[in-house]
Amino acid sequence: MRHLKTVGLGLTAALALTLTACGQGSATKQAAAPEGKSVVRYMNFSSNDGHEKDLTAIVNAFQTANPNITVQVETVPYADYFTKLQTSVAGGTAADAFELNYENFVTYAKNGSLAELKGVDTAAYKKSLVDAFNDGGKQYGVPESFSNVVLFYNKALFKKAGVAEPTDAWTWKDEQAAAAKLTDKGAKVWGDYQPVSYNEFYKVLAQNGGEFLNADRTEATFNSPQGVEAAKFLIDKVGKTMPTEADGAGTPDFDSKLFKSGKLAMWHTGIWMFSAMAQAPFDWDVVVEPGNTKKASAMFVNGLVVSAASKNADAAQKWVTFLASSDDTTKTRLATSWELPPVADEAKLAPYLDQKKPANRKAVFSALEETVLPPVIERQQEMQDLVTAELTSAAAGRKPVEKALADAQTKVNGLLKK
């Protein structure tokens with residue numbers, strides 16, 4: 001999944017767990033609350049495929065700190081999760097608390113399915129992360145974990161070419177100038193790689209001061225001077241400083257293999273690639289991605305919410321707050337490499353920041369200062385696919401950029417009106 005590694009993608013059958021202070025059971029239905037206790041039912045996807053025990057440890061810590069609350073967990077594979085959630089919300093059987101990625105949060109917040117959270121300590125979280133779960137001035141969720149996109153670069157190639165390494169102050173022009181010097185087609189070395197796709201377009205659009213949708217998400221607005229310039233920034237690299245489809249661009253793992261082989265100087269990708277590049281046989285690092293008129297880093301965030309229908313909303317809010325920002329959760333996530341916690345206190349993130357490769361891990365958190373979230377509409381996947389298709393057509397020379405962008409906007413507006 002391009003740019004988003006914030007969830008497990010297991011395809012096994014749904015795993016239902018009941019967790020109590022004594023450990024882990026196997027019931028799939030809500031048990032009667034022990035005398036004097038509240039039961040909070042919690043449904044999630046991100047512990048699936050390897051982190052079930054980590055979630056159990058966090059539940060046990062919460063129940064030790066809150067002996068009057070029992071948490072029952074149901075873990076569902078991502079492939080099945082949102083279908084099951086939609087059915088349970090519609091049928092009035094939704095869990096008291098559940099997990100949502102940002103794109104789905106927008107829908108559930110708008111349709112009245114979520115309870116407003118009261119008295120949230122927003123200072124506990126990175127501002128851009130907690131703001132993602134605020135709708136119309138009301139806090140309907142708290143951030144649980146995040147990932148984002150940075151600029152990877154091969155220090156050895158920069159040194160060999162005599163080009164100064166990237167800094168957080170770089171702009172598009174700096175990146176393009178360096179990429180031209182770093183590209184050596186004879187040696188099959190490319191200066192840059194940034195996929196020509198919806199995910200990259202909405203980001204560079206924001207970096208150029210443009211807007212993908214209007215404020216109420218009723219009309220597409222990306223076919224603008226800012227949008228055309230952003231699309232050209234992506235497309236004009238193809239075949240010059242960036243590989244083409246004929247070179248293999250866009251095929252599975254093409255970019256990661258190219259970078260790891262030492263044949264790619266700069267690479268726009270997510271922090272989830274840190275571990276995969278750990279054994280690369282050269283020195284590399286990361287910086288915040290360049291912008292044009294402004295910085296705008298792509299951010300992907302999962303959140304925790306409480307059902308508007310919950311009869312244990314107070315207890316559910318205590319649970320999601322603990323799961324989001326407690327020291328127990330932060331330590332568990334960092335120790336097990338289970339996504340990044342959203343906490344504001346960077347001292348608590350030292351085990352992550354102090355790792356040697358890449359050295360500039362602080363860029364991961366600096367990128368959160370100026371972010372852009374994915375545009376969201378009801379027919380999300382269709383929108384993503386058609387925008388990518390039009391941009392790809394322009395990159396292949398089948399359409400002028402201006403025509404491709406105009407056609408894409410017309411099609412997106414068609415989706416919005418259906």
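As recorded by an unreviewed UniProt entry, the chain carries the name Sugar ABC transporter substrate-binding protein and is attributed to Kribbella ginsengisoli. What the UniProt record of the chain gives under Sequence similarities (unreviewed entry) is the line "Belongs to the bacterial solute-binding protein 1 family."

A. Examining unusual backbone geometry more closely. Here the amide bond leading from Lys357 into Pro358 is cis, since omega sits at -5°, within 30 degrees of zero. Tracing the chain through its elements places Pro358 in the loop between helix H12 (350-353) and helix H13 (362-366). At Lys188, a position not held by glycine, the phi torsion is positive, near 60°. In this fold, Lys188 is placed in the loop between helix H6 (172-182) and helix H7 (198-207). By relative accessible area, Lys188 is classed as exposed at 63%. Here Arg217, not a glycine, exhibits a phi torsion of approximately 60°, which is positive. Mapped onto the elements of the fold, Arg217 is located in the loop between H7 and helix H8 (225-235).

B. Molecular detail of the pattern of salt bridges. Taken as a whole, this structure holds 20 salt bridges when the rule is applied. For Lys126, the salt bridge identified is with Glu346, shortest N-O distance 2.8 Å. Of the two residues, Lys126 is situated in the loop between helix H3 (102-110) and helix H4 (127-131) and Glu346 in the loop between helix H11 (327-336) and H12; the sequence distance between them amounts to 220 residues. Judged by its relative accessible area of 22%, Glu346 falls in the partly exposed class. Glu289 is paired through a salt bridge with Lys203; the nearest N and O atoms lie 2.7 Å apart. Note that Glu289 is positioned in the loop between strand S11 (284-287) and strand S12 (297-306) and Lys203 in helix H7, a separation of 86 residues in sequence.

C. Here's a closer look at the environment of Lys155. Residue position: Lys155 is located in helix H5 (residues 155-161). Sequence-wise, Lys155 and Val401 are 246 residues apart; in three dimensions their C-alpha atoms are separated by 33 Å. Residues in contact with Lys155, not counting those within four places in the same chain, are Glu165, Asp283, Trp284 and Asp285. Polar side-chain contacts of Lys155 include one of 2.9 Å to the side chain of Glu165.

D. Highlighting the nonpolar core. Phe152, Phe201, Phe212, Phe222 and Val387 are the most contacted members of the largest nonpolar core, which totals 92 residues. Setting aside chain neighbours within four positions, we find Val387 in contact with Tyr198, Phe201, Phe212, Phe222 and Val412. If you look at the next biggest cluster of nonpolar residues, it comprises 27 residues, including Tyr42, Ala97, Leu117 and Val130.

E. Examining the pairing of S11 more closely. Side chains Trp284 and Val286 project from S11 onto one buried face, and the interleaved Asp285 and Val287 project onto a second face that is buried too. As judged from the four bridges shared by strand S9 (residues 142-154) and S11, these two strands associate in the antiparallel manner. Within the sheet, the bridge partner assigned to Leu151 lies in S11 and is Val287.

F. Local environment of the packing of H7 against H8. Where H7 meets H8, the closest approach of the two axes is 9 Å, and the angle between their N-to-C directions is 125°. The pairing of H7 with H8 is recorded here as oblique in orientation. Regarding H7 and H8, the two cross each other, and that crossing is right-handed. Here Glu200, Phe201, Val204 and Leu205 of H7 lie close against H8, whose contacting residues are Gln226, Gly227, Ala230, Ala231, Phe233 and Leu234. Split into classes, the residues belonging to the contact of H7 with H8 amount to seven nonpolar, two polar and one charged.

G. Representation of the packing of H8 against helix H15 (residues 401-417) within the structure. Axis separation between H8 and H15 bottoms out at 10 Å; the angle between their running directions is 120°. Put simply, H8 runs oblique to H15. As H8 packs across H15, the resulting crossing turns out to be right-handed. Listed contacts from H15 to Gly227, Val228, Ala231, Lys232 and Ile235 of H8 are Val401, Glu402 and Leu405. Partitioned by chemical class, the residues of the contact of H8 with H15 number five nonpolar, one polar and two charged.

H. Representation of the confidence of the model for the chain in the model. Summary statistics for the chain give a mean pLDDT of 91 and a share of 91% for residues scoring 70 or more. In the predicted structure, residues 1-31 sits below a pLDDT of 50 and forms 94 contacts with residues beyond four places in sequence or in another chain.

I. A look at the environment of Asp407. Looking at the element boundaries, Asp407 is found in helix H15. Taking the C-alpha atoms as reference, Asp407 lies 42 Å from Ala278; in sequence the two are 129 residues apart.

J. Region of the structure containing the side chain of Ser393. Locating Ser393 in the fold gives a position in helix H14 (residues 380-395). Excluding residues within four positions of it along the chain, Ser393 makes contact with Arg398 and Lys399.

K. Highlighting the packing of aromatic side chains. In this structure the tally under the stated criterion is 30 aromatic pairs. The interplanar angle of 65° and the centroid separation of 5.8 Å between the aromatic rings of Tyr193 and Phe254 together place this pair among those described as edge-to-face. Placement of the pair is Tyr193 in the loop between H6 and H7 and Phe254 in helix H9 (residues 254-260), with a sequence separation of 61 residues. Comparing Tyr193 with Phe254, the two get one shared label, buried.

Reading the values: rules and limits
- Residues numbered from 1 in each chain as written.
- Predicted model: local features only at pLDDT ≥ 70, side-chain atom pairs only at ≥ 80, totals over all residues.
- Heavy atoms only, no water.
- UniProt positions renumbered as here; feature names shortened; annotations may be inferred.
- Helix = DSSP H or I, 4+ residues; strand = E, 2+ residues; numbered from the N terminus.
- Buried < 20%, exposed > 50% of the residue type's maximum accessible area, 1.4 Å probe, protein only.
- Salt bridge = Lys/Arg side-chain N within 4 Å of Asp/Glu carboxyl O.
- Contact = heavy atoms within 4.5 Å.
- Polar contact = N/O pair within 3.5 Å; in protein donor to acceptor, adjacent residues only side chain to side chain.
- Core = buried A, V, L, I, M, F, W, Y, C linked by side-chain atoms within 4.5 Å.
- Pairing = 2+ DSSP bridges.
- Axes fitted to C-alpha atoms, helices over the stretch in contact; angles between N-to-C directions.
- Parallel < 35°, antiparallel > 145°, perpendicular 65-115°, else oblique.
- Left-handed = near helix turned anticlockwise from the far one by under 90°.
- Nonpolar A, V, L, I, M, F, W, Y, C, P; charged D, E, K, R; others polar.
- pLDDT = per-residue confidence, 0-100.
- Phe/Tyr/Trp six-rings, centres within 6.5 Å; stacked < 30°, edge-to-face > 60°.

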